[in-house]
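# Observations on the three-dimensional arrangement
So you can see what is in the structure, the chains are spelled out below.
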Amino acid sequence: MKAFVFPGQGAQFVGMGKDLYDNNAVAHEMFEKANEILGFRITDLMFAGTDEDLRQTRVTQPAIFLHSVILAKTLGEEFCPDMTAGHSLGEFSALVAAGALNFEDGLRLVSARAMAMQKACELKPSTMAAVLGLADDVVEAACAEVEGVVVCANYNSPGQIVISGEIEAVAAASEKLTAAGARRVVPLKVGGAFHSPCMEPARAELAEAIAKTEIHEPVCPVYQNVDAKPHTNPEEIKANLIAQLTSPVRWTQSVKNMIADGATEFVELGPGKVLQGLVKKIDSAMVVSGRQ
């Protein structure tokens with residue numbers, strides 16, 4: 001069985017999607033439609049902007065989403081998922097590719113999510129850090145012992161967890177984790193504490209946008225970040241998308257569940273190769289490939 005997976009924030013690079021735009025009429029049309037919906041030429045920033053341009057959340061999230069979903073569209077019959085999943089932002093790409101959301105609504109939601117997250121980041125300084133080489137329960141225990149907001153935000157693969165929260169709390173947890181034997185604790189260059197309680201203002205704003213959006217039953221199960229389980233029910237999908245902003249991305253658990261449910265091959269669609277690497281760390285026997 002084939003699982004198609006979609007990357008999240010951090011996978012962007014200058015020039016992403018340009019080959020699609022130049023060489024495929026359907027892709028060209030979809031990119032131009034996106035420029036119209038967003039009210040600015042995101043294609044200019046994707047194809048010829050600077051790294052700094054692409055790091056702005058309002059640009060990064062729609063850019064990665066567009067690259068991923070347009071790529072899936074141009075594959076035609078090659079895109080034949082038995083299941084899909086996306087990492088954080090990538091969950092929206094997975095839902096559009098699987099037919100649960102139409103392209104235009106998906107892009108509007110991603111843009112609304114990016115703007116809401118940007119605003120939440122500006123309300124209170126916050127950050128994230130990657131913790132390498134420790135078991136999940138050790139990281140969870142260290143976060144629980146620290147005063148202030150710091151939580152496990154991304155369970156990326158065994159021995160790779162991202163923590164997220166208030167700057168002082170993340171710093172205190174980082175010290176504890178280093179002392180506990182972490183191979184490395186790496187501060188991340190992000191705008192704020194994604195997938196933590198710090199995103200509560202953004203969650204409320206996104207909930208309003210999602211409530212007004214029609215979600216259909218997807219063509220295959222979509223494994224959602226919040227509980228790592230397969231979903232096809234539109235109301236469950238909506239609730240999980242809203243909860244996702246303040247909940248951890250359970251990527252390790254999602255991949256393990258997809259494998260348990262029969263996945264034998266993972267194909268990453270979109271910029272970069274991050275998810276291919278994570279899948280291999282979770283199960284080295286898996287066949288992985290990617291298209292960008």
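It should be noted that the structure appears before, not after, this text.
Remember, it's a predicted structure, so these values are computed and weren't measured experimentally.

Parameters at a glance
- Residues numbered from 1 in each chain as written.
- Predicted model: local features only at pLDDT ≥ 70, side-chain atom pairs only at ≥ 80, totals over all residues.
- Heavy atoms only, no water.
- Helix = DSSP H or I, 4+ residues; strand = E, 2+ residues; numbered from the N terminus.
- Disulfide = S-S within 2.5 Å.
- Buried < 20%, exposed > 50% of the residue type's maximum accessible area, 1.4 Å probe, protein only.
- Phe/Tyr/Trp six-rings, centres within 6.5 Å; stacked < 30°, edge-to-face > 60°.
- Lys NZ or Arg CZ within 6 Å of the ring centre and 35° of its normal.
- Expected span 1.5 Å × (residues − 1).
- Contact = heavy atoms within 4.5 Å.
- Pairing = 2+ DSSP bridges.
- Axes fitted to C-alpha atoms, helices over the stretch in contact; angles between N-to-C directions.
- Salt bridge = Lys/Arg side-chain N within 4 Å of Asp/Glu carboxyl O.

## Some remarks on unusual backbone geometry
Phi is positive for His195, close to 55°, though the residue is something other than glycine. Structurally, His195 is set in the loop between strand S6 (184-187) and helix H10 (200-211).

## Quick word on the state of the cysteines
As used here, a disulfide is simply a covalent bond connecting the sulfur atoms of two cysteines. This model, assessed by the stated rule, comprises zero disulfides. Cys143 takes part in no disulfide bond, and the closest cysteine sulfur, belonging to Cys152, lies 4.5 Å away. Classification of Cys143 by relative accessible area gives buried; the value is 6%. Free of any disulfide, Cys198 has its nearest cysteine sulfur in Cys121, 8.9 Å distant. According to the relative accessible area criterion, Cys198 is buried, its value standing at 16%.

## Let's talk about the packing of aromatic side chains
How two aromatic rings sit relative to each other is given by the distance of their centres and the angle of their planes. With the rule as written, the count across this model stands at five aromatic pairs. Summarising the aromatic geometry, the rings of Phe31 and Phe47 are spaced 5.7 Å apart at their centres and angled 80° between planes, so their arrangement reads as edge-to-face. Remark: Phe47 occurs in helix H3 (residues 42-48) and Phe31 occurs in helix H2 (residues 25-38); sequence separation between them is 16 residues. Residue class for Phe31 comes out buried when judged on its relative accessible area of 0%. Within the aromatic cluster, the residues linked to one another by ring pairs are Tyr21, Phe31 and Phe47. If you follow Arg58 out to its NZ or CZ, it ends over the ring of Phe40, 4.8 Å from the centre.

## Some details on helix H7 (residues 103-123)
In an α-helix, one turn spans 3.6 residues, which is why side chains three or four residues apart end up on the same side. Counted at 1.5 Å a residue, the expected span for H7 with its 21 residues is 30 Å, and the 30 Å between its end C-alpha atoms agrees. Those residues of H7 not exposed but buried are Phe103, Gly106, Leu107, Leu109, Val110, Ser111, Arg113, Ala114, Ala116, Met117, Ala120 and Cys121. Buried residues along H7 sit against H2, helix H5 (57-74), helix H6 (90-97), H10 and helix H11 (234-244).

## Overview of the sheet that holds strand S1 (residues 2-6)
Pairing is mixed across the open sheet formed by six strands, whose spatial order is S8-S7-S2-S1-S9-S10. Looking at the sheet topology across the chains shown, the edges are occupied by strand S8 (230-231) and strand S10 (287-291). Pairing between strand S9 (residues 265-269) and S10: five bridges, direction parallel. The residue bridging Glu265 from the neighbouring strand is Val287, located in S10. Against the sheet, H6 touches S1, strand S2 (83-86) and strand S7 (222-223), its axis set at about 155° to S2.

## Considerations on the environment of Ala209
Secondary-structure assignment places Ala209 in helix H10. Under the relative-accessibility criterion, Ala209 is labelled partly exposed at 22%. Taking C-alpha positions, Ala209 is 7.4 Å from Ala112, a pair spaced 97 residues apart along the chain. Residue contacts for Ala209: discarding those within four places in its chain leaves Leu109 and Ala112.

## Considering the pattern of salt bridges
Evaluation of the coordinates by the stated rule reveals twelve salt bridges. A salt bridge links Lys18 to Asp22; its shortest N-O distance comes to 2.7 Å. With Lys18 and Asp22 both in helix H1 (residues 18-23), this residue pair falls four residues apart, about one helical turn. Given a relative accessible area of 35%, Lys18 falls into the partly exposed group. Taking relative accessible area as the criterion, Asp22 reaches 45% and is therefore assigned partly exposed. As a salt-bridge pair, Asp105 and Arg108 come within 3.6 Å of each other at their nearest N and O atoms. One end of the pair is Asp105 and the other is Arg108, both in helix H7 and three residues apart, which spans about a single turn. Three or more residues joined by partner-sharing salt bridges are found here, namely Glu32, Arg41 and Asp44.

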